[in-house]
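Chain by chain, the residues:
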Amino acid sequence: AGMIALPYAFVQGGALFSVSLHIFMASSLIVAVFLYLKTKDMLGYESLAELAFICMGRPSVFIINSTFCFACFSVMTMYTILFSKIGISLYESLQLNIGRFSDGDSLIDRVFLSKATYCLILYCFNLPIISKKSIKELKITGYILFTGIIFLNGIFMIKVFRGERA
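Given the structure is predicted, the values throughout are model-derived calculations rather than measurements.

Here is what the cut-offs are and how they apply
Residues numbered from 1 in each chain as written. Predicted model: local features only at pLDDT ≥ 70, side-chain atom pairs only at ≥ 80, totals over all residues. Heavy atoms only, no water. Helix = DSSP H or I, 4+ residues; strand = E, 2+ residues; numbered from the N terminus. Buried < 20%, exposed > 50% of the residue type's maximum accessible area, 1.4 Å probe, protein only. Contact = heavy atoms within 4.5 Å. Areas by Shrake-Rupley, 256 points an atom, 1.4 Å probe, with all protein chains shown as cover. pLDDT = per-residue confidence, 0-100. Phe/Tyr/Trp six-rings, centres within 6.5 Å; stacked < 30°, edge-to-face > 60°. Patch = residues over 30% accessible without salt bridge, like charges linked within 9 Å, V, L, I, M, F, W, Y side chains within 5 Å. Salt bridge = Lys/Arg side-chain N within 4 Å of Asp/Glu carboxyl O.

Looking now at the overall build of the protein. Helices and strands together make up the secondary structure of the protein, namely 7 helices and 0 strands. Going residue by residue from the N terminus, the α and β elements of the protein occur as α-α-α-α-α-α-α. A burial count over the protein gives 17% of its 166 residues as buried. Summarising the internal contacts of the protein: among those between residues at least 6 apart in sequence, 54% fall at separations of at least 24. A total accessible area of about 12600 Å² is found for the protein, and carbon and sulfur atoms account for 74% of it.

Moving on, we get to the side chain of Thr80. Its place among the elements puts Thr80 in helix α4 (residues 59-97). Since its relative accessible area comes to 5%, Thr80 is described here as buried. What Thr80 contacts, discounting residues up to four positions off in sequence, is Cys119, Leu122 and Tyr123.

The pLDDT averaged across the protein works out to 77; a share of 78% of its residues lies at or above 70. Per-element confidence in the protein is highest for helix α2 (residues 15-43), whose mean pLDDT is 88, and lowest for helix α7 (residues 139-162), whose mean pLDDT is 70.

For the rest of this paragraph, the subject is the packing of aromatic side chains. Per the stated rule, a full pass over the model turns up 1 aromatic pair. Taking the centre distance of 5.2 Å and the plane angle of 20° together, the rings of Tyr91 and Phe112 count as stacked. Of this pair, Tyr91 sits in helix α4 while Phe112 is found in helix α5 (residues 107-112), placing the two residues 21 residues apart along the sequence. Judged by relative accessible area, Tyr91 falls into the buried class, the value being 9%.

A cluster of nonpolar side chains, contributed by Met42, Leu43, Phe53, Ile54, Val61 and Phe62, occupies part of the molecular surface with about 620 Å² of accessible area. At the level of elements, α2, α3 (48-56) and α4 are the ones that each hand at least two residues to the nonpolar patch. The residue Leu43 is located in helix α2 in this model. With a relative accessible area of 42%, Leu43 lands in the partly exposed category.

Structurally, the position occupied by Ala49 is in helix α3. Sequence spacing of Ala49 and Val61 is 12 residues, and the spatial spacing of their C-alpha atoms is 6.9 Å.

And the structure:
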């Protein structure tokens, strides 16, 4: 998620604030991992679930699973919103480039200026990928995703250095 979210956050928050916050969060994560590993070694348990169960009992199972579920849902939502904003921006740019200025009242404009359209497109493209049974089949998808992420990061970094907001 960071490959997409961090450049977007840098554009929104500005380079100086974003770098400072990133350093603070990375430091906090290092301390948390250190504490987790020390605790794991001291108690002799192998997994986070076992440690949580020992510390908090049965409620920890629900807390950890709810947290993971919320995190996965949040990442999926973030990607979808970002994709829809990019899609709307591309459609608006296309309209300006061809010299068509619309008021957004036509059916085509309402469809292509709606976030729901791009969410539906994204889910339709992701459905075959999600239903794959083998990691080998995802190899070309990984290359395409990596290339797209590199281009997106480049665009966001150009916007950051120009002082534009996304």
